[in-house]
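If you want the building blocks of each chain, they are given just below.
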Amino acid sequence: MKNIPTLYEWAGDMRTFEELFRTFYEKVLKDDLLGEVFENMSPEHVSHVAHFVAEVFGGPQLYTSEDGGSHAQMVGHHIGKMLTEEKRQRWVYLLLQSADELGLKSDPEFRSAFVGYLEWGTRIAVINSVITENPVNPEEPMPKWGWGETGGPYIPTEE
Ligand code: HEM
């Protein structure tokens, strides 16, 4: 059995994630479409998102321990924000631009897993942004993302 690193280990360390999101939010705040969406974000926002993604990728559990967060809480931050597909696409574009600028690992396998997660996570953020109640149980564990498959298909909730 080969010793397969987590996506977090493959990417680097916590500084890798913190730098990635610091660079990303600098772009976001200057962006014509996303600037106003994030203009009131908290001083901890950047590190919280970095810690969240690092934890999902198999890294240290800083989001759920030090930051006191949970999957439900993360989802809760998007409720009612009325995000659009255009905004979602810009979010992904600026994050991938930041990744390239910083020289984040660019091998096909890592980038495939990375982009897969971004597509999944951002689409969920948009879905959650147009509802008024958090659908996630506070006890629900954090999502986990690895090198492999997503385990679909998507089953829409009954109206
Ligand atoms: C993989 C995708 C995403 C992840 C992991 C994520 C993660 C997070 C986290 C952890 C927070 C809470 C930050 C804090 O504690 O202060 C947050 C807040 C937020 N996110 Fe996301 N997010 C994602 C996608 C998006 C997208 C695509 C948008 C918009 C286009 C968005 C807009 C927001 C907004 C507006 C907030 C609240 C900001 C505020 O407090 O004013 N997110 N997100």
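Residues numbered from 1 in each chain as written. Predicted model: local features only at pLDDT ≥ 70, side-chain atom pairs only at ≥ 80, totals over all residues. Heavy atoms only, no water.

**Q** Would you mind showing me how to read the coordination of the iron atom of the ligand here?
**A** In ideal tetrahedral geometry, four donors around a metal make angles of 109.5 degrees, whereas ideal octahedral geometry with six donors gives angles of 90 or 180 degrees. Of the protein atoms, His78 (NE2) alone serves as a donor to the iron atom of the ligand, at 2.1 Å. Relative to the assigned elements, His78 resides in the loop between α4 (71-76) and α5 (85-102). (Donors = N, O, S within 2.8 Å, 3.2 Å for Na, K, Ca; no water. Helix = DSSP H or I, 4+ residues; strand = E, 2+ residues; numbered from the N terminus.)

**Q** Sorry, what's going on with the UniProt feature "binding site: heme" (unreviewed entry) in the chain here?
**A** The UniProt entry lists His48 under the feature "binding site: heme" (unreviewed entry), expressed in the numbering used here. Among the secondary structure elements, His48 is positioned in helix α3 (residues 45-56). (UniProt positions renumbered as here; feature names shortened; annotations may be inferred.)

**Q** Please clarify how the nonpolar core should be interpreted in this entry.
**A** Where a protein is soluble and globular, its nonpolar side chains tend to be buried together. Counting 35 residues, the largest nonpolar core has Phe21, Tyr25, Phe57, Trp91 and Phe114 as its most contacted members. Where this core is concerned, the elements lending two or more residues are α1 (7-11), α2 (14-30), α3, α5 and α6 (108-129). Setting aside residues up to four positions removed in sequence, Trp91 forms contacts with Phe21, Phe24, Tyr25, Leu34, Phe38, Leu118 and Thr122. (Core = buried A, V, L, I, M, F, W, Y, C linked by side-chain atoms within 4.5 Å. Buried < 20%, exposed > 50% of the residue type's maximum accessible area, 1.4 Å probe, protein only. Contact = heavy atoms within 4.5 Å.)

**Q** What should I look at first to understand the packing of aromatic side chains in this one?
**A** Centre distance and the angle of the planes are the two values used to describe a pair of aromatic rings. Throughout the structure, instances matching the rule amount to 16 aromatic pairs. Between Tyr25 and Phe38 the ring centres are 5.6 Å apart and the planes differ by 65°, which places this aromatic pair in the edge-to-face class. Here Phe38 lies in the loop between α2 and α3 and Tyr25 lies in helix α2, a separation of 13 residues in the sequence. The two residues Tyr25 and Phe38 agree in class, both being buried. Measuring from centroid to centroid gives 5.1 Å for Phe52 and Tyr63, while their planes differ by 85°, and the two rings are edge-to-face. Highlighted residues: Phe52 in helix α3 and Tyr63 in the loop between α3 and α4, separated in sequence by eleven residues. (Phe/Tyr/Trp six-rings, centres within 6.5 Å; stacked < 30°, edge-to-face > 60°.)

**Q** Whenever I open this one, the pattern of salt bridges confuses me. Can you help?
**A** Oppositely charged side chains may form a pair once their charged atoms are brought near each other. For the structure shown, the criterion picks out eight salt bridges. The closest approach of N and O atoms between Lys27 and Glu101, which form a salt bridge, is 2.6 Å. With a gap of 74 residues between them, Lys27 in helix α2 and Glu101 in helix α5 connect regions that are remote in the sequence. Each member of the salt-bridge network shares a partner with another, and the members are Glu85, Arg88, Glu119 and Arg123. (Salt bridge = Lys/Arg side-chain N within 4 Å of Asp/Glu carboxyl O.)

**Q** Help me understand the packing of α2 against α5, please; the structure alone is not making it clear to me.
**A** The description of two packed helices rests on the angle between their axes and on the distance between the axes. Between α2 and α5, whose axes approach to 9 Å, the crossing angle comes to 130°. Accordingly, the angle class assigned to the pair α2 and α5 is oblique. Crossing of α2 over α5 shows right-handed handedness. Residue-level inspection shows Glu19, Leu20, Phe21, Thr23, Phe24, Tyr25, Lys27 and Val28 of α2 in contact with α5, the latter providing Trp91, Leu94, Leu95, Gln97, Ser98, Ala99, Glu101 and Leu102. Broken down by class, the residue content of the contact of α2 with α5 amounts to ten nonpolar, three polar and three charged. (Axes fitted to C-alpha atoms, helices over the stretch in contact; angles between N-to-C directions. Parallel < 35°, antiparallel > 145°, perpendicular 65-115°, else oblique. Left-handed = near helix turned anticlockwise from the far one by under 90°. Nonpolar A, V, L, I, M, F, W, Y, C, P; charged D, E, K, R; others polar.)

**Q** What exactly am I supposed to notice about the side chain of Ser70 here?
**A** For Ser70, the position within the fold is in the loop between α3 and α4. For Ser70, the side chain forms a polar contact with the main-chain nitrogen of Gln73, separated by 3.0 Å. (Polar contact = N/O pair within 3.5 Å; in protein donor to acceptor, adjacent residues only side chain to side chain.)

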